[in-house]
Amino acid sequence: MEELSIIVPVYNVEHILPHCINSILGQSYNNWKLILVDDGSKDLSGVICDDYSKKDSRITVIHKQNGGVSSARNMGIKAVNTRLFCFVDSDDFLESHFCEELMRAHTLYSDIYNVWTGFQTINKAHGLEMNKFVYDPSNVYSVLSRKNLGTLHEKWLDTMPFGKLFDINIIEKYQIKMPEDLSLGEDLIFNLEYLKYSGERILIINKPLYNYMLLDEYSLSRKKRSDLFEIYLNVNEKLISAAYEFKCGDAELRKCFKSCFYKYESALDNSKKGLDRIMYNNRILKSSEFWKCYTLGKPKIHFLYKIAYHTHNYFVVMIVNLIVKLKQSIDKNRKEE
């Protein structure tokens, strides 16, 4: 039973943190160390961490000044003294056999250095399972290649830091760390960097063993930003570069470009207002990156949006938004009658 380190970055989550920690304490696999990194919490999160560490010697607490989730994860990595480690977010929770399944797969496929598990999203407001993200639910395990990057990205399996085993020897040898200057897409960049040096094969455990909470008011991924396009330019460039480096075929490349297009499309829904929003979004619609991903990705979009995008004028897109919303409202009313 090889020892496993679990890194949990913590910031202002006193309301949900015990649920996360208790799901780790309740694991069927007991040979683990928990590293709680309190990133300068202003609520009682730090106190909760200390209380748990007093009750269980396997728990270590690090208190640091606030620097963001990436800096907290990097601090946790520095504290790892086992060969294998994984990340868990403080507002998520684990299925009771999460660690056992990861470590069993690692033992069965000891020559594969990328072991990933599936996950499911949970609606925090209603406690409902929303979507299960696995590669092939008909099989317990799937062995894929980095060349399947487009498919993995399409299924969200490469984008998250959680549900993955990492080898500290690879991390230290190639000085891989979370980019601390980003607050969106940093997880993907970290995973892509690790994939460069951890071998071509990827083992997927086709079970949703990790529970990812949605509707969190603190979730960075759900906040509108004023610089979404710039963020996605950087993230998409890393994804496409990796796809070429991993020698992905045409079909996988197309999936990567399609995913990149959808990111640029979502960047139109940013936090800018009024004329600034129109001017900013016009720049997106006129950008070579937007149209390269549209051309090579061949995304499926509503024909009205195709027309609107080709005008390079976000004002036309706004009109289409109104038309689509009106039609959806009419259809909904008809169903209710």
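Residues numbered from 1 in each chain as written. Predicted model: local features only at pLDDT ≥ 70, side-chain atom pairs only at ≥ 80, totals over all residues. Heavy atoms only, no water.

Caption draft 1: Fine view of the overall build of the protein chain. When you go through the protein chain residue by residue, the secondary structure sums to 13 helices and 10 strands. The C-alpha radius of gyration computed for the protein chain amounts to 21 Å, which stays within 12% of the reference 20 Å derived for 337 residues, consistent with globular compactness. Across its three principal directions, the C-alpha atoms of the protein chain cover 60 × 45 × 45 Å. Taken across its 337 residues, the protein chain has 51% of its residues classed as buried. In the protein chain, 78% of the contacts between residues at least 6 apart in sequence involve partners at least 24 apart. Of the accessible surface of the protein chain, which amounts to about 16400 Å², a share of 53% is contributed by carbon and sulfur atoms. In the protein chain, 45 side chains carry a positive charge and 43 a negative one; their mean positions are 6 Å apart. (Helix = DSSP H or I, 4+ residues; strand = E, 2+ residues; numbered from the N terminus. Rg over C-alpha atoms; globule rule 2.2 N^0.38 Å. Buried < 20%, exposed > 50% of the residue type's maximum accessible area, 1.4 Å probe, protein only. Contact = heavy atoms within 4.5 Å. Areas by Shrake-Rupley, 256 points an atom, 1.4 Å probe, with all protein chains shown as cover. Lys, Arg positive; Asp, Glu negative; His and termini not counted. Charge placed at Lys NZ, Arg CZ, Asp CG, Glu CD.)

Caption draft 2: Summary view of helix H8 (residues 228–245). Over its 18 residues, H8 extends 26 Å from the first C-alpha to the last, a length consistent with the 26 Å expected when each residue adds 1.5 Å. Three or more residues of H8 are buried, namely Leu228, Phe229, Ile231, Tyr232, Val235, Asn236, Leu239, Ile240, Ala242 and Ala243. Looking straight down H8, one finds that the buried residues subtend no more than 155 degrees of arc, so they occupy a single side. Where the residues of H8 are buried, they touch helix H5 (149–154), helix H7 (186–197), helix H9 (250–266), helix H10 (274–286) and helix H11 (288–297). Positive backbone phi, approximately 60 degrees, marks Lys247, located one or two places after H8. (Expected span 1.5 Å × (residues − 1). Arc of directions from axis to C-beta.)

Caption draft 3: Structural context of the sheet that holds strand E9 (residues 166–167). In space, the five strands of this open sheet follow the order E3-E2-E1-E4-E9, with mixed pairing throughout. Two strands bound the open sheet, and with one partner strand each, they are strand E3 (59–64) and E9. In terms of strand pairing, strand E1 (residues 4–10) meets strand E4 (residues 84–87) through four bridges, oriented parallel. Looking at the pairing, Ile7 lines up with Phe87 of E4. Sheet strands touched by helix H1 (residues 17–25): E1, strand E2 (32–39) and E3. Its angle to E2, the strand with the most contacts, is close to 165 degrees. (Pairing = 2+ DSSP bridges. Axes fitted to C-alpha atoms, helices over the stretch in contact; angles between N-to-C directions.)

Caption draft 4: Inspection of empty space enclosed by the protein at higher detail. Within this structure, the stated rule accounts for two cavities of 30 Å³ or more. Arg83, Leu84, His106, Ser110, Ile112, Tyr113, Val115, Leu165, Phe166, Asp167 and Tyr194 together form the lining of the largest cavity. Grouping the constituent residues of the lining of the largest cavity by class yields seven nonpolar, two polar and two charged. Counted as a void, the second largest cavity has a volume near 30 Å³. Around the second largest cavity, the lining residues are Thr117, Phe119, Trp156, Leu157, Met160, Phe162, Gly163 and Lys164. For the lining of the second largest cavity, the class distribution of residues is five nonpolar, two polar and one charged. (1 Å grid on protein atoms, 1.4 Å probe; cavity = no way out; pocket = protein on both sides within 12 Å on 5 of 7 lines; lining within 4 Å. Points joined across faces, edges and corners; volume = space filled by probe spheres on them. Nonpolar A, V, L, I, M, F, W, Y, C, P; charged D, E, K, R; others polar.)

Caption draft 5: Seen up close, the nonpolar core. Ranked by size, the top nonpolar core spans 86 residues in total, and within it Ile6, Val8, Leu34, Leu36, Leu149 and Tyr309 carry the most contacts. In terms of residue count, the dominant contributor to this core is H8 (nine residues). Sequence-distant contacts of Val8, defined by excluding residues within four places in its chain, comprise Cys20, Ile24, Leu34, Ile35, Leu36, Val37, Val88, Asp89 and Ser90. By size, the runner-up hydrophobic cluster in this structure holds 17 residues, among which are Phe85, Ile176, Met178 and Tyr194. (Core = buried A, V, L, I, M, F, W, Y, C linked by side-chain atoms within 4.5 Å.)

Caption draft 6: Here's a closer look at the pattern of salt bridges. One pass over the full model with this rule turns up 20 salt bridges. Between Asp187 and Arg73 there is a salt bridge, with the nearest N and O atoms lying 2.9 Å from each other. Residue Asp187 is located in helix H7, and its partner Arg73 is located in helix H3 (residues 69–79); the two are separated by 114 residues in the primary sequence. Each member of the pair, Asp187 together with Arg73, is buried. Among the salt bridges present, the one from Glu230 reaches Arg283, with a minimum N-O distance of 2.4 Å. Placement of the pair is Glu230 in helix H8 and Arg283 in helix H10, with a sequence separation of 53 residues. One connected set of salt bridges, linked through shared partners, spans Glu100, Glu101, Arg104 and Lys207. (Salt bridge = Lys/Arg side-chain N within 4 Å of Asp/Glu carboxyl O.)

Caption draft 7: Expanded view of the pairing of E3. Where E2 lies against E3, six bridges are found, and the strand directions are parallel. Directly across from Ile35, in E3, lies its bridge partner Thr60.

Caption draft 8: Molecular detail of the environment of Asp269. Tracing the backbone shows Asp269 in the loop between H9 and H10. Using a relative accessible area of 38% as the deciding quantity, one classes Asp269 as partly exposed. Remark: the alpha-carbon pair of Asp269 and Lys224, spanning 45 residues in sequence, is separated by 7.3 Å. Looking at Asp269, its side chain comes within polar contact range of the side chain of Lys224, at 3.1 Å. (Polar contact = N/O pair within 3.5 Å; in protein donor to acceptor, adjacent residues only side chain to side chain.)

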